[in-house]
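Listed here are the chains, written in short residue letters.
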Amino acid sequence: MTKKDVIRLLEKIAVYMELNLENPFKVSAYRKAAAALETDGRTLDEISDFSELKGIGKGTNDVITEFVQTGKSSVLKDLTDKVPPGLIRMLKLPTLGPKKIAKIHDALGIDTLEGLKAACENNEVSALSGFGKKTEENILKSIETVLNRPERYPINRILKFKQVITDVIDTIPGVERYDMTGSGRRTKETSRDLDFIVKVEDYQLFTQTMIEQNFVTEIVSQGDKKLSLEIEHDFDKINVDFRFVNGDEYISTLQHFTGSKEHNVKMRQIAKSRGEKISEYGVETPDGLKTFQSEEEFYHYFDLPYIPPAMRETGKETDIDISEIVSLSDIKGDLHMHTVYSDGANSIREMVEAAREKNYSYIVITDHSKSLRVANGLSDERLLEQLEEIRAIDQEYDDIDVYSGTEMDILADGTLDYSDEILSQLDYVIAAIHSSFQQSEEDIMHRLKTAMDNPYVRHIAHPTGRLIGVRDGYPVNMEELFDYAEKTNTILEINANPQRLDLSSDAIANQNVMFTVNTDAHHTDHLDFMHYGVSTLQKGFVKTSQVLNTLSREEFKAYINKDKQSDINE
DNA sequence: GCCGTTTTCGGCCCGACTGTTTTCAGTCG
């Protein structure tokens, strides 16, 4: 029995209560109780009295206590006796909510998706009062969608959908400004849909242009203020919402539609306690509607520091001190990138020039090692050749330090791809697993530990090998990984490539080790990925002092010239 | 069901759009 089990129980009760048409505020109380448990940093055993948490009172405390002690819940049992499980599946259908489902169930006795489909096809649903032809069609369409489309897409897929949309927006005259909002802006690992806000002179022209595009498969809704479409790209379908903004409310609309919902509820409660009201149009104050020039100004107005989008999730971000959390401007260099020596697209010099444009103080060139043949990994000789070239280029620049490194393979049996004799000549060594993902956790941990034990290996790249929504990665014992990293002074990477985001924000929260965030760029354009990695760190509430590449140029040079075992911040 | 510096009852964030209805309920974000 873990905290997660209790959270799931409370959320399950909320869903069943919703379908049982209980008071919506009662339903919401169960959801809030679940959120309160989630936000609390402690484990189940560490909490002695649940009712001391804000949002948990006598009722939910009793439910939790019964469940923890007996493993059962009489409240849930009563509900599951009353509500057929098929109705839970119906809740997933867009346009169908608890009220309509209850009505269909009560009037027609339908309690399965299949039964619902048949009833629509026989026009039984449209015969009910309050239902019509259109509702029936929409239900059939919803069933189709739910059966044929993934619920959420990984962030990398979301970014491709985004490109399809922005390519069109960029051609529409009169568009003054637009932003992607929603979970995409918050850098969630997966998103259900795409959201944009658009400041445009003529929303009708915008709407007309957009709905004429070949990729539009359905107009979900269309009004003066918003447009909602279903689009298709590369055989995948997703919903896209546009919100039209006029005048001075842009920042308030941006803030509102960035979410999360929980974050917004929290902000509105704060406003309300001051006698004010937040909406997407601004803040209603006793002196009239207040609008803002920036989100910084918006948060400062409520006596809060600027909260980056990535951190706007549970609402707890408004309660805690976030002044020391890392931000993109703290990043002084990129320690993991590839060149044409292995599988990168650009030369060392091109990478240096691109890094200078980012105002970085230092970079490390880290091509693949010899065993990674598919990526043209460097033999000992080519690595030493490259080292010479890096040294020469470094000499040419006053404003940036260019260090020689490698992303060295940890081979299947745990041996490292270069000898210590070779490694000792490099400035900075990264180790990574690129092969034999199917090994047991024990074998994988043996490989990672061998690398961490090596005196030249400074950091482990993409420690789990996962690709979001594509593969889980190899089996890593996370507790052991963090313990061993701490023991050996080995730094763990947040790989900023949006396919990876590895380690994940969930994994790094509340850990006491050093991290580094790097793009793993294979092209100069990829250096732009850095902000995804920083967002991941922000979601894990990681402080600037815990991130290696926030060190100044001099501090980083000192770190490189020191033994791995010595303290970084000495 | 939870909560309280307008407190033990009466609120609980707020607005857009659709569809069915003829003034609004339901759903969504």
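Identification of chain A as DNA-directed DNA polymerase from Jeotgalicoccus aerolatus is taken from an unreviewed UniProt entry. Of the comments in the UniProt record for chain A, the one headed Cofactor (unreviewed entry) reads "Mg(2+)". In the Catalytic activity (unreviewed entry) part of its UniProt record, chain A is described as follows: "DNA(n) + a 2'-deoxyribonucleoside 5'-triphosphate = DNA(n+1) + diphosphate".

Participant: Explanation requested: the overall build of chain A in the structure shown.
Facilitator: Summing up its helical and strand segments, chain A has 22 helices and 17 strands in all. Over its C-alpha atoms chain A spans a radius of gyration of 27 Å, differing by no more than 12% from the 25 Å that the globule rule assigns to 570 residues. Here chain A holds 570 residues, and the buried ones make up 50% of them. Summed over all atoms, the accessible surface of chain A reaches about 26600 Å², with 47% contributed by carbon and sulfur. Both charge centroids of chain A, one from 67 positive and one from 100 negative side chains, sit 7 Å from each other.

Participant: Explain the sheet that holds strand 7 (residues 236-245) to me, please; I cannot follow it from the model alone.
Facilitator: Within a sheet, adjacent strands bond to each other through the backbone by hydrogen bonds, running parallel or antiparallel. Ordered in space as 2-4-7-6-5, the five strands form an open sheet in which the pairing is mixed. Each of the sheet's edge strands pairs with one partner strand only, and the pair in question is strand 2 (175-180) and strand 5 (216-222). Averaged over all neighbouring strand pairs, the angle between strand axes comes to 25°, with direction disregarded. With seven bridges connecting them, strand 4 (residues 193-200) and strand 7 associate as parallel partners. Residue Lys 199 lies in a different strand from strand 7, and its bridge partner there is Val 245.

Participant: How should the sheet that holds strand 16 (residues 491-495) be read in this particular structure?
Facilitator: Within the open sheet, the seven strands sit side by side as 11-12-13-14-15-16-17. Their pairing is parallel. Looking at the sheet topology across the chains shown, the edges are occupied by strand 11 (333-334) and strand 17 (515-518). Inspection of the sheet shows strand 14 (residues 428-432) paired to strand 15 (residues 457-460) by three bridges, in the parallel sense. The residue of strand 15 that forms the bridge with Ala 431 is Ile 460. With respect to the sheet, helix 22 (residues 553-561) is in contact with strand 12 (362-368), strand 13 (401-409), strand 14, strand 15 and strand 16, its orientation differing from that of strand 13 by roughly 45°.

Participant: When you look at the packing of aromatic side chains in this model, what are you seeing that I'm missing?
Facilitator: Each aromatic ring pair is characterised by the separation of its centres together with the angle its planes make. If you walk through the whole model with that rule in mind, you get 18 aromatic pairs. Between Phe 437 and Tyr 474, the ring centres sit 5.0 Å apart and the planes meet at 85°, which makes this aromatic pair edge-to-face. Remark: Tyr 474 occurs in the loop between strand 15 and helix 19 (478-488) and Phe 437 occurs in the loop between strand 14 and helix 18 (441-453); sequence separation between them is 37 residues. Assigned by exposure class, Phe 437 and Tyr 474 land together as buried. Against the face of Tyr 484 rests Lys 449, its NZ or CZ located 5.3 Å from the ring centre. Positioned above the aromatic ring of Tyr 559 is the side chain of Arg 458, whose terminal nitrogen or guanidinium carbon lies 4.6 Å from the ring centre.

Participant: So what exactly am I meant to see when it comes to the UniProt feature "domain: Polymerase/histidinol phosphatase N-terminal" (unreviewed entry) in chain A here?
Facilitator: In the numbering used here, UniProt assigns the "domain: Polymerase/histidinol phosphatase N-terminal" (unreviewed entry) feature to residues 333-412. Between the first and last C-alpha atoms of residues 333-412 the distance is 31 Å; the span itself is 34% helix and 22% strand.

Participant: Looking at this structure, how should I read the packing of helix 15 (residues 348-357) against helix 16 (residues 380-396)?
Facilitator: Pairs of packed helices are described in terms of their axes, by the angle between the two and the distance that separates them. Direction vectors running N to C along helix 15 and helix 16 enclose 40°, while the axes themselves pass 10 Å from each other. As the angle between them shows, helix 15 and helix 16 are arranged oblique. As for the relative orientation of helix 15 and helix 16, their crossing is right-handed in sense. The residues of helix 16 that touch helix 15, namely those facing Ile 348, Arg 349 and Val 352, are Gln 386, Glu 389, Ile 390, Ile 393 and Glu 396.

Participant: Would you mind going over the UniProt feature "domain: Helix-hairpin-helix DNA-binding motif class" (unreviewed entry) in chain A with me for this structure?
Facilitator: Under the UniProt annotation, "domain: Helix-hairpin-helix DNA-binding motif class" (unreviewed entry) lies at residues 48-67, 88-107 and 123-142. Secondary structure within residues 88-107 divides into 65% helix and 0% strand; the distance between the first and last C-alpha atoms comes to 17 Å.

Participant: I would appreciate a short explanation of the environment of Leu 194 in the present structure.
Facilitator: Within the secondary structure, Leu 194 is located in strand 4. Here Leu 194 falls in the buried class, since its relative accessible area comes to 1%. Excluding residues that lie within four positions of it along the chain, Leu 194 makes contacts with Ile 158, Phe 161, Lys 162, Ile 165, Met 180, Ile 238, Asn 239, Val 240 and Asp 241.

Participant: Looking at this model, I keep getting lost on the protein's contact with DNA strand B. Mind explaining?
Facilitator: Neighbouring DNA strand B are 44 residues, the closest being Gly 55, Thr 60, Gly 132, Arg 268 and Tyr 281. The share of sugar and phosphate among atoms of DNA strand B within 4 Å of the protein is 82%. Listed by contribution, the elements that provide at least two residues to the surface near DNA strand B are helix 2 (24-39), helix 3 (58-70), helix 6 (98-108), helix 8 (133-148), strand 5, helix 13 (261-273) and strand 8 (277-279). Here the surface near DNA strand B gets five residues from one element, more than from any other, and that element is helix 13. Residues belonging to the surface near DNA strand B are distributed by class as follows: 13 nonpolar, 15 polar and 16 charged.

Participant: Sorry, what's going on with the packing of helix 18 against helix 19 here?
Facilitator: Direction vectors running N to C along helix 18 and helix 19 enclose 15°, while the axes themselves pass 10 Å from each other. In this view, helix 18 runs roughly parallel relative to helix 19, as classed from their interaxial angle. In the packing of helix 18 onto helix 19, the handedness of the crossing is right-handed. The segment helix 18 lies against helix 19, with Met 445, Leu 448, Lys 449, Met 452 and Asp 453 engaging Glu 480, Leu 481, Tyr 484, Ala 485 and Thr 488. Counted by class, the contact of helix 18 with helix 19 contains six nonpolar, one polar and three charged residues.

Participant: Teacher, can you tell me more about helix 13 here?
Facilitator: Helical periodicity: at 3.6 residues per turn, an α-helix aligns residues three or four positions apart in one direction. Spanning 13 residues, helix 13 covers 18 Å between terminal C-alpha atoms, matching the ideal 18 Å at 1.5 Å per step. Looking only at helix 13, the buried set comprises His 263, Asn 264, Lys 266, Met 267 and Ala 271. Within helix 13, the buried residues cover an arc of 160° as seen down the axis, which keeps them to one side. Looking at helix 13, the residues exposed on the side facing more than 90 degrees away from the buried face are Lys 261, Lys 272 and Ser 273. Just beyond helix 13, the residue with positive phi is Gly 275, at close to 80°.

Participant: What's the story with the pairing of strand 6 (residues 226-233) in this structure? I'm lost.
Facilitator: For a regular strand, side-chain orientation follows a simple rule: the groups alternate between the two sheet faces. Both strand 5 and strand 6 contribute to a ladder of five bridges, which runs antiparallel. Bridge pairing links Gln 222 to Leu 227 in strand 6. What sits between strand 5 and strand 6 in their antiparallel hairpin is a turn of three residues. Sheet topology note: the strand 6/strand 7 ladder contains eight bridges and is antiparallel. Within strand 7, the residue paired with Glu 230 across the bridge is Asn 239.

Participant: For this particular structure, what's the right way to read the domain arrangement of chain A?
Facilitator: Interface extent is often summarised as the accessible area lost during association of the parts. What the domain assignment reports for chain A is domain 1 (1-83), domain 2 (88-148), domain 3 (153-245), domain 4 (249-318) and domain 5 (328-561). Taken over C-alpha atoms, the centre of domain 2 sits 28 Å from the centre of domain 3.

What counts as what
Numbering of residues begins from 1 in every chain and follows the order in which that chain's sequence is written. Ligands are numbered from 1 and chains lettered from A, in the order in which they are written. Side-chain atom pairs in this predicted model are given and counted only at pLDDT of 80 or more, local residue features only at pLDDT of at least 70, and totals for whole chains, interfaces and linings cover all residues. Water and hydrogen atoms play no part in the side-chain values, which are based on all heavy atoms of the structure. UniProt positions are given in the numbering used here, feature names are shortened, and annotations may be inferred rather than shown by experiment. What counts as a helix is a DSSP run of H or I of at least four residues, what counts as a strand is a run of E of at least two, and both are numbered from the N terminus. Just to be clear, the radius of gyration here is over C-alpha atoms, and the globule rule we use is 2.2 Å times residues to the power 0.38. Between buried and exposed lies partly exposed: a residue is buried under 20% and exposed over 50% of the maximum accessible area for its type, with that area taken using a 1.4 Å probe on protein chains only. Accessible areas in this description were obtained via Shrake-Rupley with a 1.4 Å probe; residue shielding takes into account the shown protein chains only. His is not counted here, nor are the chain ends, while Lys and Arg score as positive and Asp and Glu score as negative. Note on charges: their place is set at NZ of Lys, CZ of Arg, CG of Asp or CD of Glu. Strand pairing follows a simple DSSP-based rule, namely that at least 2 bridges must link the two strands. Every angle, taken between N-to-C directions, lies between 0 and 180 degrees, and every axis is a line fitted to C-alpha atoms, over only the stretch in contact when it is a helix. In this analysis, two residues are considered to be in contact whenever any of their non-hydrogen atoms come within 4.5 Å of each other. A pair of Phe, Tyr and Trp rings is counted when the ring centres sit within 6.5 Å of each other, with Trp represented by its six-membered ring. The angle between the planes then sorts it: under 30 degrees is stacked, over 60 is edge-to-face, the rest tilted. Only when the NZ of Lys or the CZ of Arg is both within 6 Å of the ring centre and within 35 degrees of the ring normal is a charge said to sit over the ring. Note that the term roughly parallel is reserved for angles under 35 degrees, roughly antiparallel for angles over 145, roughly perpendicular for angles of 65 to 115, and oblique for everything else. Rotating anticlockwise by less than a right angle from the far helix to the near helix defines a left-handed crossing, while the corresponding clockwise rotation defines a right-handed one. By convention in this text, a residue qualifies as near a molecule or strand provided that one of its non-hydrogen atoms is within 4 Å of it. Under the scheme applied here, ten amino acids are nonpolar (Ala, Val, Leu, Ile, Met, Phe, Trp, Tyr, Cys and Pro), four are charged (Asp, Glu, Lys and Arg), and all others, including Gly, are polar. Expected helix span is computed as 1.5 Å times (number of residues minus one). What the arc measures is the spread of directions leading from the helix axis to the C-beta atoms. Note that the domain bounds were set by an automatic or database domain assignment.

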